[in-house]
Amino acid sequence: MRLFPKVHQLPARLTAGTVILNSGLDLVGADPGTATGLHGMATGTYPFLGKQDPVAFVKLLSKAEIAVGAALLVPVVPSLVAGAALTAFAGGLIGLYLRTPGMRREGSLRPSQEGIGLVKDVWLLGIGLSLVTEELLDRPGRGGISALVS
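Residues numbered from 1 in each chain as written. Predicted model: local features only at pLDDT ≥ 70, side-chain atom pairs only at ≥ 80, totals over all residues. Heavy atoms only, no water.

1. Observations concerning helix H6 (residues 122-137)
And then number 1: The end-to-end C-alpha distance of H6, which contains 16 residues, comes to 22 Å, matching closely the 22 Å that a straight helix rising 1.5 Å per residue would cover.
And then number 2: Taken together, the buried positions of H6 are Leu124, Ile127, Gly128, Leu131, Val132, Glu134 and Glu135. Down the axis of H6, the buried set is contained in an arc of 165°. They therefore lie on one face.
And then number 3: Elements that come into contact with the buried residues of H6 comprise helix H1 (10-27), helix H3 (54-73) and helix H4 (79-99). (Helix = DSSP H or I, 4+ residues; strand = E, 2+ residues; numbered from the N terminus. Expected span 1.5 Å × (residues − 1). Buried < 20%, exposed > 50% of the residue type's maximum accessible area, 1.4 Å probe, protein only. Arc of directions from axis to C-beta. Contact = heavy atoms within 4.5 Å.)

Structure (structure tokens):
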């Protein structure tokens, strides 16, 4: 596993990492009302979260966002690891979009006005999958990504 990211991976890692880190830092001091709202939305999609206290949930969410953002920003974290963390995190966000009533237009994957904020996170999933895919395909003995396009 390559320790440092490839130069062309840096813009995607820096962009996604900055956005996620900022979101996590914004949640550090979330008030109980914000915690209750975020927890309510999450439990509607992921019912097992209902057993968790809303404030504790937001603290954990904040730590997770900070960790994923930092993994993307710190260049010694391998792109495979950072990409896998981003993919898992973004998958949860896309799950919210797909499973929360009112986020999509009836009978469609297209977002409703309320769903635009969540569906935009699909770019995070794309970045995570790109980092993971490239690192897996460029492993020694696999011919690298160039073997696929030649």
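Don't stop here, the text continues.
2. Some thoughts on the pattern of salt bridges
Should their charged atoms come close, side chains of opposite charge can pair.
And then number 1: Taken as a whole, this structure holds 2 salt bridges when the rule is applied.
And then number 2: Across the salt bridge formed by Lys6 and Glu134, the nearest N and O atoms sit 3.1 Å from each other. In this pair, Lys6 sits in the segment before H1 while Glu134 sits in helix H6, placing the two residues 128 residues apart along the sequence.
And then number 3: The exposure class assigned to Lys6 is buried, which follows from its relative accessible area of 18%.
And then number 4: Connected through shared salt-bridge partners, Lys6, Glu134 and Asp138 make up one network. (Salt bridge = Lys/Arg side-chain N within 4 Å of Asp/Glu carboxyl O.)

3. Observations concerning the packing of H3 against H4
And then number 1: Their axes nearest at 9 Å, the elements H3 and H4 cross at an angle of 145°. Note that H3 runs across H4; the crossing there is left-handed. Listed contacts from H4 to Leu61, Glu65, Val68, Ala71 and Leu72 of H3 are Ala82, Ala85, Leu86 and Phe89. (Axes fitted to C-alpha atoms, helices over the stretch in contact; angles between N-to-C directions. Left-handed = near helix turned anticlockwise from the far one by under 90°.)

4. Some thoughts on a nonpolar patch on the surface
And then number 1: Judged by side-chain polarity, Phe4, Val74 and Val76 come together as a nonpolar surface patch covering roughly 250 Å² of accessible area.
And then number 2: If you trace the backbone, Val74 turns up in the loop between H3 and H4. (Patch = residues over 30% accessible without salt bridge, like charges linked within 9 Å, V, L, I, M, F, W, Y side chains within 5 Å. Areas by Shrake-Rupley, 256 points an atom, 1.4 Å probe, with all protein chains shown as cover.)

5. What to know about the confidence of the model for the chain
In low-pLDDT segments, the atomic positions of the prediction should not be examined closely.
And then number 1: Looking at the chain as a whole, the pLDDT averages 90, with 91% of positions reaching at least 70.
And then number 2: Per-element confidence in the chain is highest for H3, whose mean pLDDT is 97, and lowest for helix H7 (residues 146-149), whose mean pLDDT is 49. (pLDDT = per-residue confidence, 0-100.)

6. Let's talk about the nonpolar core
And then number 1: By size, the foremost hydrophobic cluster in this structure holds 25 residues, and its most contacted members are Ala16, Ile20, Val68, Leu72, Leu86 and Leu124.
And then number 2: For this core, the elements supplying multiple residues, two or more each, are H1, helix H2 (32-45), H3, H4 and H6.
And then number 3: When neighbours within four sequence positions are excluded, Leu72 is seen to be in contact with Arg13, Ala16, Gly17, Ile20, Ala82, Leu86 and Leu131. (Core = buried A, V, L, I, M, F, W, Y, C linked by side-chain atoms within 4.5 Å.)

7. Quick word on H1
And then number 1: Between its first and last C-alpha, H1 extends 25 Å over 18 residues, near the 26 Å set by a 1.5 Å rise per residue.
And then number 2: Of all the positions in H1, only Arg13, Ala16, Gly17, Ile20, Gly24 and Leu27 are classed as buried. Within H1, the buried residues cover an arc of 100° as seen down the axis, which keeps them to one side.
And then number 3: Tucked into the core, H1 has its buried residues touching H2, H3, H4 and H6.

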